[in-house]
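Inside the fold
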Amino acid sequence: MKFLLTRRRRLNPVYLAFMAVSFMVGIAGALQAPTLSLFLSHEVGVRPFWVGLFYTVNAVAGIVVSLLLAKRSDNRGDRRKLILFCCSMALVNALLFAFNRHYLTLITLGVLLSSLASVSMPQIFALAREYADRSAREVVMFSSVMRAQLSLAWVIGPPLSFALALNYGFTTMFVVAAILFLICLALVGFALPSVPRVEQSPEVLLTQISAWRNKDVRLLFVASMMMWTCNTMYIIDMPLYISTVLDLPERLAGLLMGTAAGLEIPIMLLAGHFVKRTGKRRIMLIAVASGVLFYLGLVLFQSRTALMALQIFNALFIGVIAGIGMLWFQDLMPGRPGAATTLFTNSISTGTILAGLLQGTLAESFGHYTVYWLALGLAMIAFALATRVRNV
């Protein structure tokens, strides 16, 4: 009887809907992101500096838009409607990239649409946190399984992205992404719940006001920003580095991303399982140390076999910080799941700003190899900062 009740609980249709939405949004994003640098370089025809500038402008716009929407999402309105709006903007953005090759249009209108679309994922996770809290679900494991859906999407997305772009063209690839966002709209509209706002106590409201004054929040933000700077520099540079410097097939970039994402799935689930015993801080430190080893390996080794083997450390790094890092922000900012998740997302966006500027400048002025030396240094600084954040 207990088994049947547990099974019914796990097969909750709302739970399955959250998994499906996070997977579909993830795979739509995983189709577009891995080949973006190649799209701008080969299809639009711009130099590495302008490729990096695009990532930077896109990230700045994402931060501004998400900050404007985050406070509103936590205080009033139906969060589900905001997710629907953002997915609609993602659909329009995918169609714009499918049929436009004008750099100025893409870096203005395209960036605006992309910044609105980027709010969808943190809002989905914020809604999931509110649903888990109200339905007495185990928050860490629920969030970890949702993050695993994103990793599963990145197992499928990058190889499929390169296959579509290289065999059928970028137009086909972006049209497929648009179709996926259309499916996301249907799932969000018909399957996700509307969770009523809970009135906060004076203590929680005080925490909301002073969250950024909290030293731990600031340290975690800077550490997370540096971690994602490393990761984004790698994502931007790696397809170009593999094809132009190492003279390896472009498809290898998609295979490396897919392999890392596949390894992230069991890592995320194991991290969610053991976090109660070890605490978020210890698991995060192990993850950042793995990131240091990953970028050290990229500096030392260039063979196909070595690059594939190093994805184990990359998966440990990203698999943990993407899930546990977000929950660490939420625990440091109780009562504000939308703002905390947005702050975590903004650490990614800020890292992307730095990554775009640094990667474009370094690759054009000093070569692609220097990008990985800088990533190694930033990962070491992130580790030092993370050791100073308290466990919660």
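Residues numbered from 1 in each chain as written. Predicted model: local features only at pLDDT ≥ 70, side-chain atom pairs only at ≥ 80, totals over all residues. Heavy atoms only, no water.

**Re the overall build of the protein chain**
Keep this limit in mind: By the criteria applied, helices consist of DSSP H or I runs no shorter than four residues and strands consist of E runs no shorter than two, each listed in order from the N terminus. Classification of residues uses two cut-offs on accessible area relative to the type maximum, computed with a 1.4 Å probe and protein chains only: under 20% is buried, over 50% is exposed, and between them is partly exposed. Residues count as neighbours in contact if any of their non-hydrogen atoms are within 4.5 Å of one another. Each accessible area value is a Shrake-Rupley result obtained with a 1.4 Å probe; residue values ignore everything except the protein chains displayed when judging cover.
The number of helices and strands found in the protein chain is 17 helices and 0 strands. The buried share of the protein chain, taken over its 392 residues, is 58%. Within the protein chain, contacts between residues separated by at least 24 positions form 84% of all contacts whose residues are at least 6 apart in sequence. Carbon and sulfur atoms make up 68% of the accessible area of the protein chain, which totals about 16300 Å².

**Some points on the packing of helix 2 (residues 13-32) against helix 9 (residues 170-191)**
The criterion, for reference: Helix axes are fitted to C-alpha atoms over the stretch in contact, other axes to C-alpha atoms as well, and angles between N-to-C directions run from 0 to 180 degrees. We call two directions roughly parallel when the angle between them is under 35 degrees, roughly antiparallel when it is over 145, roughly perpendicular when it lies between 65 and 115, and oblique otherwise. Take the far helix as your reference; a near helix turned counterclockwise from it by less than a right angle gives a left-handed crossing, and one turned clockwise gives a right-handed crossing. Only Asp, Glu, Lys and Arg are considered charged in this grouping, and only Ala, Val, Leu, Ile, Met, Phe, Trp, Tyr, Cys and Pro are considered nonpolar; every other residue, Gly among them, is considered polar.
Interhelical geometry of helix 2 versus helix 9 gives an angle of 160° and a closest axis separation of 9 Å. The angle between helix 2 and helix 9 falls in the class roughly antiparallel. Judged by the twist between their axes, the crossing of helix 2 over helix 9 is left-handed. For the pair formed by helix 2 and helix 9, the contact residues are Ala-17, Ala-20, Val-21, Met-24, Val-25, Ile-27, Ala-28, Leu-31 and Gln-32 on the first element and Met-173, Phe-174, Val-176, Ala-177, Leu-180, Phe-181, Ile-183, Cys-184, Leu-187, Val-188 and Ala-191 on the second. Partitioning the contact of helix 2 with helix 9 into residue classes produces 19 nonpolar, 1 polar and no charged.

**Some points on the nonpolar core**
How we decide: What is meant by a nonpolar core is a set of buried Ala, Val, Leu, Ile, Met, Phe, Trp, Tyr and Cys residues, joined one to another through side-chain atoms within 4.5 Å. Per the annotation, domain bounds derive from an automatic or database assignment of domains.
By size, the foremost hydrophobic cluster in this structure holds 135 residues, and its most contacted members are Phe-18, Phe-39, Phe-54, Phe-142, Tyr-234, Tyr-295 and Ile-321. Ranked by residue count, the leading element in this core is helix 11 (residues 215-245), at 18 residues. Counting only domains with at least three residues in this core, you end up with domain 1 (12-195) and domain 2 (203-391). Residue contacts for Tyr-295: discarding those within four places in its chain leaves Cys-230, Asn-231, Tyr-234, Phe-317, Tyr-372, Ala-375, Leu-376 and Ala-379.

**Topic: the packing of aromatic side chains**
Ring pairs (aromatic) are described by centroid distance and by the angle formed between their planes. Counted only if it meets this: Aromatic rings from Phe, Tyr and Trp, with only the six-membered ring used for Trp, were paired whenever their centres fell within 6.5 Å, and each pair was classed as stacked if the ring planes differed by under 30 degrees, edge-to-face if by over 60, and tilted otherwise.
Following the criterion strictly, the structure yields 14 aromatic pairs and no others. Each ring, one from Phe-39 and one from Phe-97, has its centre 5.9 Å from the other, and the planes form 45°; the classification is tilted. Taken as a pair, Phe-39 in helix 3 (residues 36-44) and Phe-97 in helix 5 (residues 79-99) lie far apart in primary sequence, 58 residues in all. Classification of Phe-39 by relative accessible area gives buried; the value is 0%.

**Some details on the side chain of Thr-350**
Note that Thr-350 resides in helix 16 (residues 337-365). Its relative accessible area of 17% is what places Thr-350 among the buried residues. With sequence-adjacent residues up to four places away left out, Thr-350 is seen in contact with Ile-63, Phe-221 and Met-225.

**Some points on the confidence of the model for the protein chain**
Just so we agree on the cut-off: One number per residue, pLDDT, summarises how confident the predictor is, and it ranges from 0 to 100.
Summary statistics for the protein chain give a mean pLDDT of 81 and a share of 87% for residues scoring 70 or more. Considering only residues more than four positions removed or in separate chains, one finds that residues 1-9, a stretch of pLDDT under 50, has 3 contacts. Within the model, pLDDT remains below 50 along residues 200-209, and this stretch shows 8 contacts once partners closer than five positions in the same chain are excluded.

**Focus on helix 12 (residues 251-278)**
To keep it simple, the criterion reads: Expected span, for any helix, means 1.5 Å times one less than how many residues it has. Here the bend at a residue means the angle between the axes of two seven-residue stretches, the one that ends at it and the one that starts at it.
Over its 28 residues, helix 12 runs 38 Å from end to end, which matches the ideal 40 Å to within 8%, given 1.5 Å per residue. Maximal helix bending in helix 12 amounts to about 35°, located at Gly-272. At the C-terminal side of helix 12, Gly-279 shows a positive phi close to 85°.

**Re a nonpolar patch on the surface**
What counts is decided by this rule: Each patch is built from salt-bridge-free residues with over 30% relative accessible area, joining like charges within 9 Å and nonpolar side chains (Val, Leu, Ile, Met, Phe, Trp, Tyr) within 5 Å. Any carboxyl oxygen of Asp or Glu that lies within 4 Å of a side-chain nitrogen of Lys or Arg is treated as forming a salt bridge with it.
On the surface, a nonpolar cluster with roughly 600 Å² of combined accessible area is contributed by Leu-263, Leu-293, Leu-296, Leu-300, Phe-301, Ile-312 and Phe-313. Sorting the residues of the nonpolar patch by element identifies helix 13 (280-300) and helix 15 (311-332) as the ones contributing at least two each. The element best represented in the nonpolar patch is helix 13, accounting for 3 residues. Assignment of secondary structure puts Leu-300 in helix 13.

**Description of the environment of Thr-345**
Here Thr-345 lies in helix 16. C-alpha separation for the pair Thr-345 and Phe-221, spaced 124 residues apart in sequence, amounts to 9.8 Å.

**Structural notes on the state of the cysteines**
Put simply, the rule is: The disulfide criterion used throughout: a pair of cysteine sulfur atoms within 2.5 Å.
Counted by the stated rule, this structure contains 0 disulfides. Its sulfur unpaired, Cys-184 is 5.4 Å from the next cysteine sulfur, which belongs to Cys-87. Judged by its relative accessible area of 0%, Cys-184 is buried.

**Concerning the environment of Met-225**
By the secondary structure assignment, Met-225 is in helix 11. When its relative accessible area of 14% is taken as the criterion, Met-225 is described as buried. Sequence separation of Met-225 and Thr-350 is 125 residues, and the distance between their C-alpha atoms is 6.1 Å.

**Section: the environment of Ile-381**
Turning to its location among the elements, Ile-381 is positioned in helix 17 (residues 369-386). Distance from Ile-381 to Val-292, taken between C-alpha atoms, is 9.6 Å for residues 89 residues apart in sequence.

**Side note on the pattern of salt bridges**
Under the definition given, this model contains 1 salt bridge. Among the salt bridges present, the one from Arg-101 reaches Glu-43, with a minimum N-O distance of 3.3 Å. Placement of the pair is Arg-101 in the loop between helix 5 and helix 6 (103-118) and Glu-43 in helix 3, with a sequence separation of 58 residues. Residue class for Arg-101 comes out partly exposed when judged on its relative accessible area of 26%.

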